[in-house]
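Results of the structural survey
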Amino acid sequence: NKEYVKAAARDRRQSAGPIGRQYQVIAGRSIPPWKKFMALPENKAALNQFLSQYITERACESQALQSRHERNLVIAGGFADGKTVVCLSSEGRTESESLASTHEEADTRMILHAMDADSKFTDDDGRIVIKTPDTDVVVLALYYFPRMKHVSEFWIETGRVTKTSDQRRFIPIHSISKSLGPLFCLVLPAIHALTGCDSTSALFGIGKKSVLKMIQDIGIGEFADLSELYGNDEQGALRAGRKLIASLYDPKHKAGKYHSSLNDLRFRLATTKETTLSKLPPSEASFEQHLRRASWQAKMWTHAHQSVPNIPSPVGHGWKVEHDTIIPVLFDGPVSAEVLRELVCSCRGRNICANNCVCGTNSLPCTEICPCQGDDKCQNEQNKILVEDVEESEEVFIEDIISSRELFQGVTCECAGNTICSEDC
């Protein structure tokens, strides 16, 4: 899918990794070099299809299902038809229509299955465990746990078991959710998308710990309107997102009156403290595109409980398609290089800047960034005017000094010698 937001990132990882080779996945064949095998998406898809089909054909007769009639095994996302979901039990195989999903990401599909499991528990002490190393799933689990009606324990299992140690960790989503509170869990997907996730860029030099500390210091109530990112009010989302970004770059609100415009805040921070450009907040044009991407991703997450969510195409929401690949729109409007072309000439040759000089045409003198560097060889007439203006201004300055001296004559003494400022002063 050329409009799949993670396609470009996967293409970059694939080009940077080992060169892959496409294999035919069949039973009995030896396992190929694993990294090269997993480098190609086609191999992953073939492996998923093989495992899904293999388990579907054999699981119903397994001891694990035959010994416990209440146990069900659900297989999804691995078949040729991505919507196909197979439910296996001791009674046989059925297909689930309610779980037939258009989700392309396993992150949201896992939440869809977790919410479906919650609806099938008959009492209020259900337990769900999701095995994943992905931070996005942890964020989604915290968002959705308060909406579960029959689950008392929700765990995320991460890490792995090696030959020498057990590196697994179990994250108690239910405990963390209660500790953070419902408002924090509500806006957490918006915060995560705005500050960097799998599909949106992070803010340079600002990690997740810094984000959480800032929110803790200021109070989550100040950012309650971040839920606007889940709706259709783009202006409301821009205001809410701008407040968060501005607070991250100016956490003590020393320049609080400039937080309504990131351009003004950039200028204020650049002129009042020593900092590099990379540590300044984004411009308004760049921020708007970033917010559109974050808002689109947040909507996708907050509709994970729907098997067929009605989410618009990412194209036009901070992304565009170029060469059959979806890429982010960095900002909307002219770039600085295009503006500079009208301010910097490209004149060369013997009669440099004599004819058709861009600077001269726009009544501007040449500068050091022009090829001529605005030196004595430059024949731009505006340079001569500039020199004359400078000489004239120096003369005016000298005249001002002289006139001020004459002005104060009579009120200032001219005493000198050993008896300076005596009785006759």
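Residues numbered from 1 in each chain as written. Predicted model: local features only at pLDDT ≥ 70, side-chain atom pairs only at ≥ 80, totals over all residues. Heavy atoms only, no water.

**Looking at the sheet that holds strand S2 (residues 85–89)**
The pairing of strands in a sheet comes from backbone hydrogen bonds and takes either a parallel or an antiparallel form. Note the threshold: If DSSP finds at least two bridges between two strands, the strands pair. Elements are defined by DSSP. Helices are runs of H or I of four residues or more, strands are runs of E of two residues or more, and each kind is numbered from the N terminus. Helix axes are fitted to C-alpha atoms over the stretch in contact, other axes to C-alpha atoms as well, and angles between N-to-C directions run from 0 to 180 degrees. Whether two residues touch is decided by their heavy atoms; if any such pair falls within 4.5 Å, the residues are in contact.
The strand order S1-S2-S3 describes an open sheet built from three strands, whose pairing is antiparallel. Edge positions in the sheet fall to strand S1 (73–76) and strand S3 (92–95), since each has one partner strand and no second. The sheet shows a mean angle of 25° between the axes of neighbouring strands, taken without regard to direction. Sheet topology note: the S2/S3 ladder contains four bridges and is antiparallel. Residue pairing for S3: valine 86 is matched across the bridge by glutamate 95. In this fold helix H3 (residues 41–58) packs onto S1, S2 and S3, with an angle of close to 150° to the strand it touches most, S1.

**Quick notes on the nonpolar core**
Put simply, the rule is: Here, the term nonpolar core denotes a set of buried Ala, Val, Leu, Ile, Met, Phe, Trp, Tyr and Cys residues that are joined through side-chain atoms within 4.5 Å. Accessibility here uses a 1.4 Å probe with only protein chains present; expressed as a share of the type maximum, an area under 20% marks a residue as buried, one over 50% as exposed, and anything in between as partly exposed.
One finds Phe154, Ile173, Ile215 and Leu226 to be the most contacted residues of the largest nonpolar core, which totals 58 residues. Sequence-distant contacts of phenylalanine 154, that is, excluding residues within four places in its chain, are made with Ala114, Ile128, Ile130, Ala141, Phe145, Met148, Ile171, Pro172, Ile173 and His174. Cys345, Cys347, Ile352 and Cys372 belong to the second largest nonpolar core, which has ten residues in total.

**What to know about the sheet that holds strand S6 (residues 169–172)**
Judged by pairing direction, the sheet is mixed, and its three strands sit side by side in the order S4-S5-S6 without closing on themselves. Where the open sheet ends on each side, the last strands, each with one partner, are strand S4 (126–131) and S6. Adjacent strand axes in the sheet meet at a mean angle of 25°, parallel and antiparallel pairs treated alike.

**Some points on the pairing of strand S7 (residues 319–322)**
Bridge count for S7 against strand S8 (residues 325–328) is four bridges, and the pairing is antiparallel. Counted as the bridge partner of valine 321 is isoleucine 326 from S8. Joining the antiparallel neighbours S7 and S8 is a turn of two residues, in which histidine 323 adopts a positive phi near 55°.

**Observations concerning the side chain of threonine 56**
Positionally, threonine 56 belongs in helix H3. Apart from the residues within four sequence positions on either side, threonine 56 is in contact with Ile75, Phe79, Val86, Leu88 and Arg93.

**Some thoughts on a nonpolar patch on the surface**
Basically, it comes down to this: Without a salt bridge and with relative accessible area above 30%, a residue can belong to a patch; like charges are then joined within 9 Å and nonpolar side chains (Val, Leu, Ile, Met, Phe, Trp, Tyr) within 5 Å. We get accessible surface area from the Shrake-Rupley algorithm with a probe of 1.4 Å; when it comes to residues, only the shown protein chains can shield them. Salt bridge criterion: a side-chain nitrogen from Lys or Arg within 4 Å of a carboxyl oxygen from Asp or Glu.
A contiguous nonpolar patch, built from Leu51, Tyr54, Ile55 and Leu73 and spanning about 320 Å² of accessible area, is present on the exposed surface. For the nonpolar patch, the leading source of residues is H3, giving three residues. Following the sequence through the fold, tyrosine 54 ends up in helix H3. Looking at tyrosine 54, the relative accessible area reads 38%, which means it is partly exposed.

**Overview of the confidence of the model for the chain**
Note the following rule: Per-residue confidence from the predictor is reported as pLDDT, a score between 0 and 100.
Predicted confidence across the chain gives a mean pLDDT of 84, with 83% of residues reaching 70 or more. Confidence drops under pLDDT 50 across residues 404–412; counting only partners more than four residues distant or on other chains, this segment forms zero contacts.

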